[in-house]
Amino acid sequence: MINLIYQNYKRLFDFNEELRKITESILGKEFNKITPKVAFTTFALGKAYKTHGAILLLCMQGYGEDAAILTRSLFDLSITLLYILNDPTNKRVLRYFHYDSIIRKKMYDYAKTVSIFAKLFEERKYRPKPGDTTIEEVEKYAKLAQEKYNYGRMGWSDKPIRQMAEEVGRGGVYQTVYYLQSNISHSAVRTMNDYVNAHDKGYTVDMGRGESWVQEDLVASFDLFLSIVSRCNKTLRLRIAKRLNALSKRYLGEVGQINQKAEMAGDSL
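Criteria and cut-off values
- Residues numbered from 1 in each chain as written.
- Predicted model: local features only at pLDDT ≥ 70, side-chain atom pairs only at ≥ 80, totals over all residues.
- Heavy atoms only, no water.
- Core = buried A, V, L, I, M, F, W, Y, C linked by side-chain atoms within 4.5 Å.
- Buried < 20%, exposed > 50% of the residue type's maximum accessible area, 1.4 Å probe, protein only.
- Helix = DSSP H or I, 4+ residues; strand = E, 2+ residues; numbered from the N terminus.
- Contact = heavy atoms within 4.5 Å.
- Axes fitted to C-alpha atoms, helices over the stretch in contact; angles between N-to-C directions.
- Parallel < 35°, antiparallel > 145°, perpendicular 65-115°, else oblique.
- Left-handed = near helix turned anticlockwise from the far one by under 90°.
- 1 Å grid on protein atoms, 1.4 Å probe; cavity = no way out; pocket = protein on both sides within 12 Å on 5 of 7 lines; lining within 4 Å.
- Points joined across faces, edges and corners; volume = space filled by probe spheres on them.
- Nonpolar A, V, L, I, M, F, W, Y, C, P; charged D, E, K, R; others polar.
- Salt bridge = Lys/Arg side-chain N within 4 Å of Asp/Glu carboxyl O.
- Pairing = 2+ DSSP bridges.
- Patch = residues over 30% accessible without salt bridge, like charges linked within 9 Å, V, L, I, M, F, W, Y side chains within 5 Å.
- Areas by Shrake-Rupley, 256 points an atom, 1.4 Å probe, with all protein chains shown as cover.

Peer 1: What's the story with the nonpolar core in this structure? I'm lost.
Peer 2: One broad trend across soluble globular proteins is that nonpolar side chains are buried collectively. Within the largest apolar cluster, 61 residues are counted, with the highest numbers of intra-cluster contacts made by Phe75 and Leu218. Per-element accounting of this core gives the leading share, twelve residues, to helix 10 (residues 214–236). The residues touching Leu218, leaving out its near neighbours within four places in the chain, are Tyr9, Leu12, Phe13, Asn16, Leu56 and Cys59.

Peer 1: I keep staring at the packing of helix 4 (residues 64–85) against helix 9 (residues 171–185) and nothing clicks. Help me out?
Peer 2: The relative placement of two packed helices comes down to the angle between their axes together with the axis-to-axis distance. Contact geometry of helix 4 with helix 9 gives a least axis separation of 9 Å together with a crossing angle of 130 degrees. Compared by their axis directions, helix 4 and helix 9 come out oblique. Handedness of the crossing formed by helix 4 with helix 9: left-handed. Residues Glu65, Ala68, Ile69, Thr71, Arg72, Phe75 and Asp76 of helix 4 pack against Val173, Tyr174, Val177, Tyr178, Gln181, Ser182, Ile184 and Ser185 of helix 9.

Peer 1: I tried to follow the layout of surface pockets on my own but got confused; where do I start?
Peer 2: Over the atoms rolls a probe the size of a water molecule, and its path tells where empty space is left. What the second largest pocket holds in volume is close to 370 Å³. Lining the second largest pocket are 15 residues; nearest its centre among them are Phe121, Arg124, Lys125, Thr134 and Ile135. Among the elements of the structure, helix 5 (91–111), helix 6 (115–126) and helix 7 (135–149) are those that each provide at least two residues to the lining of the second largest pocket. Its residues assigned to classes, the lining of the second largest pocket comprises six nonpolar, two polar and seven charged.

Peer 1: Teacher, can you tell me more about the side chain of Thr41 here?
Peer 2: Secondary-structure assignment places Thr41 in helix 3 (residues 36–61). With sequence-adjacent residues up to four places away left out, Thr41 is seen in contact with Leu81, Leu85, Cys232, Thr235 and Leu236.

Peer 1: Hey, could you run me through the pattern of salt bridges in this one?
Peer 2: When the charged atoms of two side chains with opposite charge come close together, those side chains can pair. In the structure shown here, the tally under the stated rule is twelve salt bridges. Across the pair Glu139 and Lys112 runs a salt bridge whose closest N-O atoms are separated by 2.9 Å. Of the two residues, Glu139 sits in helix 7 while Lys112 sits in the loop between helix 5 and helix 6, which places them 27 residues apart along the sequence. Under the relative-accessibility criterion, Glu139 is labelled partly exposed at 29%. What makes Lys112 partly exposed here is its relative accessible area of 36%. Taking the shortest distance from any N to any O, the salt bridge between Asp132 and Arg124 comes out at 2.8 Å. By relative accessible area, Asp132 is classed as partly exposed at 33%. Three or more residues are tied together by salt bridges with common partners; here these are Lys105, Asp109, Lys112 and Glu139.

Peer 1: I tried to follow the pairing of strand 1 (residues 196–199) on my own but got confused; where do I start?
Peer 2: In summary, the side chains of a regular strand alternate between the two faces of the sheet. By the bridge criterion, four bridges tie strand 1 to strand 2 (residues 202–205) in an arrangement that is antiparallel. Bridged to Asn197 within strand 2 is Thr204. Counting the residues that bridge the hairpin from strand 1 to strand 2 gives two residues.

Peer 1: Got a minute to help me understand a nonpolar patch on the surface in this structure?
Peer 2: Taken together, Tyr110, Ile116, Phe117 and Leu120 make up a surface patch of nonpolar side chains, about 440 Å² in accessible area. Per element, the largest residue contribution to the nonpolar patch is three residues, and it comes from helix 6. By secondary structure assignment, the location of Leu120 is in helix 6.

Peer 1: Could you clarify how one ought to interpret unusual backbone geometry in this entry?
Peer 2: A negative phi angle characterises most non-glycine residues, just as the trans form characterises most peptide bonds. Non-glycine residue Ser187 carries a positive phi angle of around 50 degrees. By secondary structure assignment, the location of Ser187 is in the loop between helix 9 and strand 1. Assessed through its relative accessible area of 59%, Ser187 is described here as exposed. Positive phi, normally seen in glycine, also occurs at Trp213, with a value near 75 degrees. Its location among the elements puts Trp213 in the loop between strand 2 and helix 10. Its relative accessible area of 14% is what places Trp213 among the buried residues.

Limitation: the analysis is restricted to geometry and does not speak to function.
Set out below in structure tokens:
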């Protein structure tokens, strides 16, 4: 199966690997001035690189459905990055960072209701480790963050992911990649179509490896990872724009050919 998948989608694998090599060429870069946006951008680049690698591994092994779940998370990261960096001020990035206090408070609030966790917290209070933050400090910081940013049900942002995607020009990707892959992530009823095969005697649940979702994942993950790397290049001044643009042009030509073949078969990307 691994050999079959690689041969069928070799060009798409090659494009993704080439993008990784370009990214690898700048991963050792150090920054003298660490601003909030530099801190977030370097984190996003590192996380995207690792997630993209995991997607390729899953696709190669024939686990396209599971790779689709990671591709959806890559979409989330790309939209978050673009939305934060589109702000000329530091308001959005600081809003993102300070939401950590809200998350920690929610975790502590739950943990305190579980006796075994409450006991551990009490013991840790009298025997703290370097870098520990007390529950009182977490509650204090969470209160200050909430008063300043007025967080709502959207989490760290003041807008839903759909609105953020539209604002950064990725509304079409939300309507296709994100929406379809959300079905798999949440095990929606539509997901059954990817696992169940009906026949005369009933149905069979397919739990083996296959080509399902592999092509879609390779195309979407390349697009999302490229958007992340390109935006990081602009913010961090990595000087890889020419290489990225040249790769993008060749890739678009390849995807165009794939779409032509798919249209003939009635299933374009």
